[in-house]
There are 2 protein chains.
Amino acid sequence: MNTILRKVVFCLSFSVSAVVYAQPKVERWARFEAEWSYASGGNLFREVQLSARFVGPDTTFTVAGFYDGNNRFKVRCMPTQTGTWTFTTSSNKKELNNKKGSFECVNATGNNRGPVKVSDVHHFKYADGTRYYPLGTTAYAWTHMGQGLQEQTLRSLQNAGFNKIRMCVFPKNYELVKEEPELYPFVVREVKKDEKGNVLNVWDFTQFNPAFFQHLEKRIDDLNRLGIEADLILFHPYDKGRWGFDAMPHEVNVQYIKYLTARLGSFRNVWWSLANEWDYVKSKTVADWDALTQAVVESDPYRHLCSIHGSTATYYDYWKPTFTHASIQDDAPLRHSGGVSTLRNVYHKPIVLDEVGYEGNLKSRWGRYSPEEMTHLAWVGAMAGTYVTHGESYMFKDASDTIFWAKGGQFNGTSWKRFGFLRKILEEAPSPLSMSDVSRDYRTSSAGEGYYFVYFGSEVNDFWLFNLPAKNGEGPKLTAGKRFSIEIIDTWDMIVQAVSTVFETGPETDYRLFDKDLKKVRLPLRPYMALRIKEIK
Amino acid sequence: MNTILRKVVFCLSFSVSAVVYAQPKVERWARFEAEWSYASGGNLFREVQLSARFVGPDTTFTVAGFYDGNNRFKVRCMPTQTGTWTFTTSSNKKELNNKKGSFECVNATGNNRGPVKVSDVHHFKYADGTRYYPLGTTAYAWTHMGQGLQEQTLRSLQNAGFNKIRMCVFPKNYELVKEEPELYPFVVREVKKDEKGNVLNVWDFTQFNPAFFQHLEKRIDDLNRLGIEADLILFHPYDKGRWGFDAMPHEVNVQYIKYLTARLGSFRNVWWSLANEWDYVKSKTVADWDALTQAVVESDPYRHLCSIHGSTATYYDYWKPTFTHASIQDDAPLRHSGGVSTLRNVYHKPIVLDEVGYEGNLKSRWGRYSPEEMTHLAWVGAMAGTYVTHGESYMFKDASDTIFWAKGGQFNGTSWKRFGFLRKILEEAPSPLSMSDVSRDYRTSSAGEGYYFVYFGSEVNDFWLFNLPAKNGEGPKLTAGKRFSIEIIDTWDMIVQAVSTVFETGPETDYRLFDKDLKKVRLPLRPYMALRIKEIK
């Protein structure tokens, strides 16, 4: 286990100085935490300012500390380099000011590969250089369900092999998701009832509820143990006056961002998603979203991945430098691989199609994609070097059914398995994918030199005449005399079958190279077939 | 004729003051020009600075003057409001400084509708409020051909009904286009020969050749008379060391922009296209292009339409505020209407697909689209409320053939007629088009309330069951009990045929409304059919 909180407790009270000191070891990209006690009669969230400057071998991070309840103040750091790190605190309270300490950052172990970063314009890598292909799913409000269901969700995710999950900080109030959460992010100031007798909590926005955030952290750490990135949604519109977290004053939103980033910036598997369906949040303008995004970026010295997600076909200005990637809700670009390649060409950033629709049986059209369609869209995206997120919305009984889309639980569909298979296929490739001959050949994709995919989508073909484009993305052109082996990939049945023939490119003919003897591959008469074509070197 | 140059000649020489004065009448959006003589022994392009401040009823334009050869200095203005306009010059030469005058701006007449501006985010209007749907073609170097061929080009354009042409300021040196122009933009300083004995002009970049620009102006005025916008390409890569206009020093490029805009800013039918295939111009970086674009915008008080055009699938940062629209080379977005709608959703600007390929018979794949394909792409674009530019590249003899794409001449293809037909269809609609139910229905398009198009593309259908999406873009949803008439449009044969049946919407069923009696339209068993569906009110 590599996510151990290395915690140093400095016992402090209102008037007593630090007496305990230690120099623990922390894995690279794991979490260092130091804690002090401080008490007073006032609101400690408001009264105390605390920050710390962490100095590593050639990196300095200045991070905000935070009040964690019970008179405990904490600062956290994710060291990014091995070696000795020292820190010094700053505070408006002398008891918390100028506290110093150090720790030793040691090599990462196990599945600790560091945070995910953008790599090669359109793709991702862990900080240790390992490729990361986001194949995630969605369970917006899973951390707000009962503990048993949360545990089941974790087991389902582990079993499925997803490596990312979209999830909301705040609870969700929406058709089919009405559960009252156990914990709230703010302290309740007053409990009212509306005209219908419904309980209406009035929040004390000056006091966070540490237990809420501790629970969220526990679940993010649970995900981290499973190698799953938490694509954390900071705001969403699914509230409708129930708790009011979609319509807090701007100053409260900023305070919330500062508190959240102070707590979670040191969690290596956190991504910031400013919002889900930002355009449905009627209380905020684009200028507000820009300001909130800026607040996140300024509070996050590690520069975790950061994006924002709109409603169908609503594109935020993803070219703004605050966003590391585009997190899109739209399946239109995937209706033809040219469309999704175009998004890459436009943004020059990774394209993550985080919501293309959900495999399921709901009445709403977003919630009734067939598993085949869900899988197909993921393959269209992957072939163009973009990333499609899975989602599932089956309901078999009534609103109490634990639709994975919002509540988590168990997967009831069948596309989730195919996402795991696709992930394996991508991870086996030597490089991320790009269309080989963009805007000309819409089904051949390259993973570097001498490694191709051809995806036939819904076409059912009896055979494929060996032919590849001369053009190979940014790489050198394909030439005659190259020998290739081919495997047929059944993307639905998840079978890879080698073709016994060896193919050899002839001369370039009208932008393409055929096998010199015009050899072909026999294909099963089924849709969703792909080929993996590797040069024999 | 409404483009008459209202010219006031103020006879000035080195030491003699103005003696002639007049107050002419100038049509709104036509061109006012004042002229003075000034002589000295030096380089008048460098020695003299001249500008003028034009003050209209509530608009002020400050424009650069320019030296037009033969000791003549000019300032021009395109008045944008009727009423009295006055002007005052500023110059470093006292003989040209503080010259004052005035003119009366009167109502526009004839086909003078003013310059084209962006309207309704994705579309265009003339300044007088008339809709403008760009249906243009391309003849990059037509003004550099023989005069007879230029006249023929104008006749072809007039006959075809195009309302925009993409054309280069500089001559073109490219496969199939090798003609030496009659005029050059700069004065020749020295004539050299290269190793092969080819003539190599060495330019005096400090002296423009006014005759070159006068000729260009004449042709732009010719286009204006025909109601054709000149989408003027300021730089391009098709030089290859022959004249070197693609690789001039940055300072010369800026001087050229200032001179060109001083001359042409007052031409109401000018659009600025910073470049064709900017990414193939190896001497300029993106920062250079940004600076050159900025120079254009700063020199143009009228803010003519402005964009930049890359090679296939190369997208410039069109969201930059200097660009009024996206001028794209890519047919990938048109392979599925979802892709081209996505471009609208991304840029929030008009999308002009200025190069999707050329109808023709060349070996290169960009130059061998069938006329059907060229027409089809235009319809796909139009249905999504984007604009596809025509191009033609037929060669029947050898490189001396006047391929319209570069040289102009006559059209040898057949799609040009269909562009005129499409223009008529668009101009008859009450509003510009948008997909009715974006990212859900890829073939139904709305032109406002109660006016739809359905385009079937290459599908051949025996019938169409009347059904429209409930969603109608930004407008109110379609409801039951609306009556519709339908016409079948054969986009290839250019025939519009009314269907005798009247249709009436039933209740909304799963996002769509069918005819209450499930009536259908019989369709001809041919591809490229469309329907025009109008509410009977």
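Since the model is a prediction, treat every value here as computed from it, not as a measurement.

(A) Spatial organisation of the overall build of chain A. A count of helical and extended segments in chain A gives 9 helices and 35 strands. Relative to its length of 537 residues, chain A is compact, with a C-alpha radius of gyration of 25 Å against a globular reference of 24 Å. Over its C-alpha atoms, taken along the principal directions, chain A stretches across nearly 90 × 60 × 40 Å. Within chain A, the proportion of its 537 residues that are buried is 60%. Considering only intrachain contacts with a sequence separation of at least 6, the fraction spanning at least 24 residues in chain A is 70%.

(B) Spatial organisation of the relation of the copies chain A and chain B. When chain A is fitted onto chain B, the two copies agree to an RMSD of 0.0 Å after a turn of 180 degrees and an axial shift of 0.0 Å. Between the two chains, the operation in question is that of a two-fold axis. Scanning chain A for the C-alpha nearest the rotation axis identifies Gly339 of chain A, at a separation of 2.2 Å. By residue overlap, the copies meet face to face through one surface: 100% of the interface positions of chain A are interface positions in chain B.

(C) Spatial organisation of the sheet that holds strand 4 (residues 50–55) of chain B. Residues and elements named next belong to chain B. Pairing is mixed in the open sheet, where 5 strands are placed in the order 2-9-8-4-5. Edge positions in the sheet fall to strand 2 (25–27) and strand 5 (60–64), since each of these pairs with one other strand and no more. For this sheet the average axis-to-axis angle between neighbouring strands, irrespective of direction, equals 30 degrees. Looking at chain direction, strand 4 and strand 8 (residues 83–91) are connected through 6 bridges and run antiparallel. When the sheet's bridge partners are listed, Val55 is paired in strand 8 with Thr86.

(D) Layout of the packing of aromatic side chains. All chains considered together, the criterion is met by 115 aromatic pairs over all chains. Between Arg365 of chain B and the ring centre of Tyr511 of chain A, over which it is positioned, the NZ or CZ distance is 4.0 Å.

(E) Layout of the interface of chain A and chain B. Each side of the interface is counted separately: chain A has 33 residues, and chain B has 33 residues. Counting the surface lost from both chain A and chain B, the interface buries some 2,800 Å², and carbon and sulfur atoms represent 52% of this. Among the residues of chain A in contact with chain B, Trp319, Arg365 and Arg440 of chain A are the three that bury the most area, contributing 27% of the side total. For the pair chain A and chain B, the number of links is 4 salt bridges. Where Arg368 of chain A meets Asp510 of chain B, a salt bridge forms, and the shortest distance between an N and an O atom there is 2.8 Å. In the side of chain A that touches chain B, the residues fall into 13 nonpolar, 9 polar and 11 charged.

(F) Representation of the pairing of strand 16 (residues 199–208) of chain A within the structure. All names here are of chain A. Here 7 bridges tie strand 15 (residues 186–193) to strand 16, and the two strands are oriented antiparallel to one another. In the strand pairing of strand 16, Val187 is matched with Asp204. The turn linking strand 15 back onto strand 16 is made up of 5 residues, and Gly197 within it adopts a positive phi angle of 85 degrees.

(G) Examining unusual backbone geometry more closely. All names here are of chain A. The backbone of Asp510 shows a phi angle near 50 degrees, a positive value even though the residue is not glycine. You can see Asp510 is positioned in the loop between strand 32 (503–509) and strand 33 (512–515). Accessibility expressed as a relative area gives 47% for Asp510, which makes it partly exposed.

(H) Region of the structure containing the state of the cysteines. Tallying each qualifying case throughout the model produces 0 disulfides over all chains. Left without a disulfide partner, Cys77 of chain B is nearest to the cysteine sulfur of Cys105 of chain B, which lies 8.6 Å away.

About the thresholds
Residues numbered from 1 in each chain as written. Chains lettered and ligands numbered in written order. Predicted model: local features only at pLDDT ≥ 70, side-chain atom pairs only at ≥ 80, totals over all residues. Heavy atoms only, no water. Helix = DSSP H or I, 4+ residues; strand = E, 2+ residues; numbered from the N terminus. Rg over C-alpha atoms; globule rule 2.2 N^0.38 Å. Buried < 20%, exposed > 50% of the residue type's maximum accessible area, 1.4 Å probe, protein only. Contact = heavy atoms within 4.5 Å. Least-squares fit on C-alpha atoms with pLDDT ≥ 70 in both. Pairing = 2+ DSSP bridges. Axes fitted to C-alpha atoms, helices over the stretch in contact; angles between N-to-C directions. Phe/Tyr/Trp six-rings, centres within 6.5 Å; stacked < 30°, edge-to-face > 60°. Lys NZ or Arg CZ within 6 Å of the ring centre and 35° of its normal. Buried area = accessible area lost by both parts, 1.4 Å probe. Salt bridge = Lys/Arg side-chain N within 4 Å of Asp/Glu carboxyl O. Nonpolar A, V, L, I, M, F, W, Y, C, P; charged D, E, K, R; others polar. Disulfide = S-S within 2.5 Å.

Purely geometric stuff here, so don't read any function into it on its own.
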